[in-house]
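# Inside the fold
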Amino acid sequence: MIDTKPPLHVLIVENNSSDSEAIAKLVHQQSGSVRVSVARDGDEALAVLASAAGRPDGQPNLIVLDLGLVGLDGRDVLRAIKADPRLRHIPVVVFTGSNRMTDVRIAYESGASTFIRKPADFEGFARTVALILEYWAEAAVLPEEETVSP
Amino acid sequence: MPNQLRPVQILLVEDNPHDIEITVRALKKGQIKNELVIARDGEEALDLLFAPEPRSALPGLILLDLNLPKVGGIEVLEAIKKDKELKKIPVIVLTTSSREEDVVRSYDLGVNTFITKPVGFDDFMRVVATIREYWILIATLPRMAQSHSGPRNGKEQAS
């Protein structure tokens, strides 16, 4: 039985520093217990995840992923995460400015948990981040890392 | 404002009448325009999703209990996530189980979220409200075509 939830550790994969800072700030405002890591591109994200895998204090248990990354495309990052038996159980929330239905379809087919379009206005952006946090921190149950084996 | 061009159909797979009532009530409290379809066991869910003839639109969101008669929820989840067309439908497991093995197995099979049903009525309503707000208000759901006659569980149907 799961008596207590593991603390939420969110990895934000976002090359736009304004957006990543806004998300991190909004998360901290809503909950002081949520840990936030930031990767500015796909290669950094995969490196962070690879180095954290297997370390009980290190691995994110939620990934918020922009698709419009510099270098390694966000779609390829998603596929790489879902193809890795050490990482595939981590929910990935695609949070992106894209409004193309092909991106929606590809994201879900590739194993993204959710596709969410970034609102253009700050109020909508803040409300969306708050809901993402509420959903994953309060409602969702995430697997305990030490019980996940490749 | 719903974040869809047209409201998607929501499939609730649940055998407990009390839980069906609370879930439907909590979903409709948000005045959602989505059609709700209920399957009361795993077999009925699979029949709806793998209909042999084209019929009305496939659901764009599935709420799935694990403790189901006839065909269990894990088997239903596996069938959905192994199907080339159906796998893009978000599946939220909403179950009384809080067993770690169910959580891990569900995420390994590709569940979009695993949620344990709260025991209290108010907490249950609140969790379903959060599900509603997250998936109907802010998430973009994939557009689904009509149901197809693809093989169920990866096995070819008998001709």
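Residues numbered from 1 in each chain as written. Chains lettered and ligands numbered in written order. Predicted model: local features only at pLDDT ≥ 70, side-chain atom pairs only at ≥ 80, totals over all residues. Heavy atoms only, no water.

### What to know about the side chain of threonine 114 of chain A
Here threonine 114 of chain A is to be found in strand 5 (residues 114-117). Here the side chain of threonine 114 of chain A touches serine 113 of chain A through a polar contact of 3.2 Å, side chain to side chain. Polar contacts involving the side chain of threonine 114 of chain A include one to the side chain of tyrosine 134 of chain B, which spans 2.7 Å. (Helix = DSSP H or I, 4+ residues; strand = E, 2+ residues; numbered from the N terminus. Polar contact = N/O pair within 3.5 Å; in protein donor to acceptor, adjacent residues only side chain to side chain.)

### Brief notes about the interface of chain B and chain A
Taken residue by residue, the interface counts 27 residues in chain B and 31 residues in chain A. If you sort the residues of chain B by the area they bury against chain A, Tyr107, Tyr134 and Thr140 of chain B come out on top, with a joint share of 24%. Taken together, the connections running from chain B to chain A amount to one salt bridge. Applying the counting criterion to the chain B and chain A interface returns twelve residue pairs in polar contact (both at pLDDT 80 or more). Mapped onto the side of chain B that touches chain A, the elements with two or more residues apiece are helix 4 (100-109), strand 5 (113-116) and helix 5 (121-138) of chain B. Per-element accounting of the side of chain B that touches chain A gives the leading share, six residues, to helix 5 of chain B. Here the side of chain B that touches chain A is built from residues that sort into 14 nonpolar, seven polar and six charged. (Contact = heavy atoms within 4.5 Å. Buried area = accessible area lost by both parts, 1.4 Å probe. Salt bridge = Lys/Arg side-chain N within 4 Å of Asp/Glu carboxyl O. Nonpolar A, V, L, I, M, F, W, Y, C, P; charged D, E, K, R; others polar.)

### Focus: the nonpolar core
Within the largest apolar cluster, 100 residues are counted, with the highest numbers of intra-cluster contacts made by Ile63 and Trp136 of chain A together with Ile62, Leu64, Ile131, Tyr134 and Trp135 of chain B. With near-sequence residues (within four places) excluded, leucine 64 of chain B lies in contact with Val13, Gly73, Val76, Leu77, Val91, Ile92, Val93 and Leu94 of chain B. (Core = buried A, V, L, I, M, F, W, Y, C linked by side-chain atoms within 4.5 Å. Buried < 20%, exposed > 50% of the residue type's maximum accessible area, 1.4 Å probe, protein only.)

### A closer look at the sheet that holds strand 3 (residues 61-64) of chain B
Residue and element names in this part refer to chain B. Spatially, the five strands line up as an open sheet ordered 2-1-3-4-5, and their pairing is parallel. With partners counted over all chains shown, the strands left at the sheet margins are strand 2 (36-39) and strand 5, one partner each. Looking at each pair of strands side by side, their axes are set apart by 20 degrees on average, direction ignored. Here four bridges tie strand 1 (residues 10-13) to strand 2, and the two strands are oriented parallel to one another. For leucine 12, the partnering residue across the bridge sits in strand 2 and is isoleucine 38. Helix 1 (residues 17-29) contacts strand 1, strand 2 and strand 3 of the sheet and is inclined by roughly 165 degrees relative to strand 2. Helix-sheet contacts for helix 3 (residues 73-82) involve strand 3 and strand 4 (91-95), and the interaxial angle to strand 3 is about 160 degrees. (Pairing = 2+ DSSP bridges. Axes fitted to C-alpha atoms, helices over the stretch in contact; angles between N-to-C directions.)

### Concerning the pattern of salt bridges
Residues and elements named next belong to chain A. Considering all chains together, one arrives at 23 salt bridges over all chains under this definition. A salt bridge links aspartate 103 to arginine 75; the nearest nitrogen and oxygen atoms lie 3.0 Å apart. One end of the pair, aspartate 103, is in helix 4 (residues 101-109); the other, arginine 75, is in helix 3 (residues 74-83), and 28 residues separate them in sequence. With relative accessibility at 2%, the residue aspartate 103 sits in the buried group. The network of salt bridges with common partners includes Glu14, Asp19, Asp66 and Lys118.

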